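The residues making up each chain are set out below.
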Amino acid sequence: MSVTVNIVRAGVFLDSVVLMQISRELTAIQGVEDAALMMATPANWDILSDADLLDEDTMAGPGDLLVAVRAQDQAIADSTLQRAAELMERPAQQNNTPQELRPLTLRSACRQLPDANLALISVPGDFAGAEARKALRAGLNVMIFSDNVSLAEEISLKREARDLGLIVMGPDCGTAIIDGVPLAFANVVPRGDIAIVGASGTGIQEVSCLIAHAGEGISHAIGVGGRDLTEAVGAISTLTVLDWLERECLQPTTLCSFPSHRPLVL
Amino acid sequence: MRFGGNDESVRDRLAWIRDSLGPALGSALQCCGGIPLRPLVARGLTMGDEMHQRNVACSSLLLRELAPALASAVADHSDLSEMLAFMGSNDQFFLNIAMAMGKSIMDPVRNIEQSTVVTAMTRNGTDFGIRISGLGDEWFTAPVEMPAGLYFPGFSAADANPDMGDSTIVETIGLGGFAMAAAPAVAGFVGAGSVAEAAGITARMREITLGEHPEWTIVSENYQGVPTGIDIRLVVETGIVPTINTGIAHREPGIGQVGAGVVKAPMACFEKALRALGERLGIS
């Protein structure tokens, strides 16, 4: 024979979602047939009645909180009501401080950082071109860490960048130091007035280390990608860097180094 | 018919709305010259409504605006009292108005050449459909999903019907799930209901929308506007689908609402719409 117990908390208001969450927790208790916490409004009264959760002697009004339990026996009903009281008085969970919301796309990253001027793209090569193009169109210089980007895509991206006054570093650009900030893999070297332009791998790293050992420092180390100096690409990014250095857009720089295993075809 | 409820009380109530409340509201609105909804919703958002599952503030604000005019329009005191009691005892009264407002906001956005903005979202219990501006009145549909949520006493997920109803028009304009950060409690239907969870849902919706409403702002987000203007390109590109706050209907007719929760729009609608627009524009 099941037991229905109602407790009225006169003048107590709790949010309906909180009450539904507590109800769900009580309903899961072994031996509880049904349980609900509701503000005793006329509409809720009907719901409780339909669910067979009302004791016929219960009196409550719309401003009162009704705790209703139907259980297999009195002991279970009592302990469930006790549990309901605990849950209602439980202090707020500690996870309610808004965490920093990390952007999920380039678009929202740009909104969070309106002054950003460079994007590092590291996605499978088939998708790198599309992401790089979005970055360029958002006014960002691009470093493409990804490999497996087709030559045709590289040429197309670099031409678009040139027209926009931007640079594409890479693809397959594994290292760079821009104004002292290392990107991808880079060595810790002193800052100085020597700029390096290179394919984008160990050559740049080695030269930057040699310069550091010689007591000098690096202003920028810019990888342009292993194919930039080919005739097909036409050194678009290399020329952009040289142009920027010449116009002193990149400072401070007095010397420029070109590690490359390709002959310069300027 | 409310959530499939169709007994005599429901039919009587509908007849009363048709014969008494409706005409009285009509006269009251004419008498007061209409009630601007945009500022009302703006205030409701600052008071914890998201206008789909939470309409307590807006229902109250509306009643406050409407009561004097209604009192002028309705001669009989007991009729007036019944109407005020009906509106005052239903926390969701404003949802009806929010839906009509949503439709009026999105309809003028239809039929803009090449536009990828979603102009309507709706569900009928089996399919979820969207329309986009660039393709007029064509519906792009996919099977609806099951809502996840909390149930009224006596009911469980086994009683639930798949997602249903046309109230998703409020998400289409940037309210409901899109404005979750304004109503953190609603996030409790699927999670713990923390402020952080709610903010996270609104942040995800910002990834698939073109802009922010300049007047409908969220206090806890430093008065950032709600994300509005769903772009199907962003949905398909990011893999993020609209989050919808919804009531849950019983799967048998005649019973009505059995719970409330959150559901996602199916991605296939957006993919179909994007392909169709691509074809229309000659982009493969």
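Residues numbered from 1 in each chain as written. Chains lettered and ligands numbered in written order. Predicted model: local features only at pLDDT ≥ 70, side-chain atom pairs only at ≥ 80, totals over all residues. Heavy atoms only, no water.

Trainee: How should the overall build of chain A be read in this particular structure?
Mentor: Summing up its helical and strand segments, chain A has eight helices and eleven strands in all. Here chain A holds 266 residues, and 43% of them are scored as buried. The long-range share in chain A, meaning contacts at least 24 apart out of those at least 6 apart in sequence, stands at 65%. (Helix = DSSP H or I, 4+ residues; strand = E, 2+ residues; numbered from the N terminus. Buried < 20%, exposed > 50% of the residue type's maximum accessible area, 1.4 Å probe, protein only. Contact = heavy atoms within 4.5 Å.)

Trainee: What should I look at first to understand the packing of aromatic side chains in this one?
Mentor: Between two aromatic rings, the relevant description is the distance of the centres plus the angle of the planes. Applying the stated criterion to the full structure yields three aromatic pairs over all chains. Judged by centre distance (6.0 Å) and plane angle (45 degrees), the ring pair of Phe145 of chain A and Phe185 of chain A falls under tilted. Note that Phe145 of chain A is positioned in the loop between β5 (141–144) and α6 (151–164) and Phe185 of chain A in the loop between β8 (181–184) and β9 (191–198), a separation of 40 residues in sequence. A relative accessible area of 56% means that Phe185 of chain A is categorised as exposed. What links up through ring pairs into an aromatic cluster is the set Trp16, Phe86 and Phe93 of chain B. Over the face of the ring belonging to Trp16 of chain B we find Arg13 of chain B, whose NZ or CZ atom lies 4.9 Å from the ring centre. (Phe/Tyr/Trp six-rings, centres within 6.5 Å; stacked < 30°, edge-to-face > 60°. Lys NZ or Arg CZ within 6 Å of the ring centre and 35° of its normal.)

Trainee: Can you walk me through the packing of helix α5 (residues 125–137) of chain A against α6 of chain A in this structure?
Mentor: Axes are the key here: two packed helices are described by the angle between their axes and the distance separating the axes. Residue and element names in this part refer to chain A. Two elements in contact, α5 and α6, have axes whose closest approach is 10 Å; the angle formed by their N-to-C orientations is 5 degrees. Taken together, the axes of α5 and α6 are roughly parallel relative to one another. Here Gly129, Ala130, Ala132, Arg133, Leu136 and Arg137 of α5 lie close against α6, whose contacting residues are Glu153, Ser156, Leu157, Glu160, Ala161 and Leu164. In terms of residue class, the contact of α5 with α6 is made up of six nonpolar, two polar and four charged. (Axes fitted to C-alpha atoms, helices over the stretch in contact; angles between N-to-C directions. Parallel < 35°, antiparallel > 145°, perpendicular 65-115°, else oblique. Nonpolar A, V, L, I, M, F, W, Y, C, P; charged D, E, K, R; others polar.)

Trainee: Even after reading the chapter, I still don't get the confidence of the model for chain A, so can you show me in this structure?
Mentor: Segments scoring low in pLDDT should not have their predicted coordinates read at a detailed level. Averaged over every residue, the pLDDT of chain A is 88; residues scoring 70 or more account for 89%. Across chain A, the element-wise mean pLDDT spans from 66 in strand β11 (residues 255–257) of chain A up to 97 in α6 of chain A. (pLDDT = per-residue confidence, 0-100.)

Trainee: How do you make sense of the confidence of the model for chain B when you look at a structure like this?
Mentor: For chain B, the mean per-residue pLDDT works out to 94, and 99% of the residues sit at or above 70. Two numbers describe this predicted complex: its pTM, 0.83, and its ipTM, 0.73.

Trainee: Would you explain the sheet that holds strand β1 (residues 3–9) of chain A in this entry?
Mentor: Sheet strands associate in pairs through backbone hydrogen bonding, adopting either a parallel or an antiparallel arrangement. Residue and element names in this part refer to chain A. Taken in spatial order, the three strands of this open sheet run β1-β3-β2, and their pairing is antiparallel. Either end of the sheet is taken by a strand with one partner, and the two such strands are β1 and β2 (32–39). Taking the axes of each pair of neighbouring strands and ignoring which way they run, one obtains an average angle of 10 degrees across the sheet. Across seven bridges, the pairing between β1 and strand β3 (residues 65–71) is antiparallel. Bridge pairing in β3 links Thr4 to Arg70. Seen against the sheet, helix α1 (residues 16–27) touches β2 and β3 and runs at an angle of roughly 165 degrees to β2. Contacting β2 and β3, helix α2 (residues 42–50) runs over the sheet at an angle of about 175 degrees to β2. (Pairing = 2+ DSSP bridges.)

Trainee: Got a minute to help me understand the state of the cysteines in this structure?
Mentor: Two cysteines whose sulfur atoms are joined by a covalent bond form what is called a disulfide. If you walk through the whole model with that rule in mind, you get zero disulfides over all chains. Not engaged in a disulfide, the cysteine Cys209 of chain A finds its nearest cysteine sulfur in Cys173 of chain A; these two sulfurs lie 16 Å apart. The thiol of Cys31 of chain B is not disulfide-bonded; the next cysteine sulfur, from Cys32 of chain B, is found 6.1 Å away. (Disulfide = S-S within 2.5 Å.)

Trainee: Which parts of the structure should I look at to understand the nonpolar core?
Mentor: Buried together is how nonpolar side chains tend to be arranged in soluble globular proteins. By size, the foremost hydrophobic cluster in this structure holds 42 residues, and its most contacted members are Leu45, Leu70, Leu175 and Trp216 of chain B. Excluding residues within four positions of it along the chain, Leu45 of chain B makes contact with Glu50, Met51, Leu175, Ala179, Ala182, Trp216, Thr217 and Val226 of chain B. (Core = buried A, V, L, I, M, F, W, Y, C linked by side-chain atoms within 4.5 Å.)

Trainee: I'm lost on the sheet that holds strand β5 (residues 164–165) of chain B in this one. Help?
Mentor: All names here are of chain B. Read from one edge to the other, the open sheet built from four strands follows the order β3-β2-β1-β5, with strand pairing classed as antiparallel. Pairing within the sheet leaves two strands with one partner each, and these edge strands are β3 (140–143) and β5. The strands that helix α9 (residues 267–280) touches are β1 (118–124), β2 (127–132) and β3; relative to β3, the one it contacts most, it runs at about 150 degrees.

Trainee: Please explain the pattern of salt bridges as it appears in this structure.
Mentor: Any two side chains of opposite charge can pair, on the condition that their charged atoms come close. All told, the structure shown has 24 salt bridges over all chains when counted by the stated rule. A salt bridge links Glu131 of chain A to Lys134 of chain A; the nearest nitrogen and oxygen atoms lie 2.7 Å apart. Of this pair, Glu131 of chain A and Lys134 of chain A both sit in helix α5, three residues apart, roughly one helical turn. With a closest N to O distance of 2.9 Å, Lys103 of chain B and Asp107 of chain B form a salt bridge. Here the salt bridges share partners, and the residues they tie into one network are Arg133, Arg137, Glu153 and Glu160 of chain A. (Salt bridge = Lys/Arg side-chain N within 4 Å of Asp/Glu carboxyl O.)

Trainee: When you look at the side chain of Asn161 of chain B in this model, what are you seeing that I'm missing?
Mentor: All names here are of chain B. Within the fold, Asn161 resides in the loop between β4 (148–151) and β5. For Asn161, a relative accessible area of 14% puts it in the buried group. Each residue touching Asn161, except ones within four places of it in the same chain, is listed here: Gly125, Met146, Pro147, Ile248, Ala249, His250 and Arg251.

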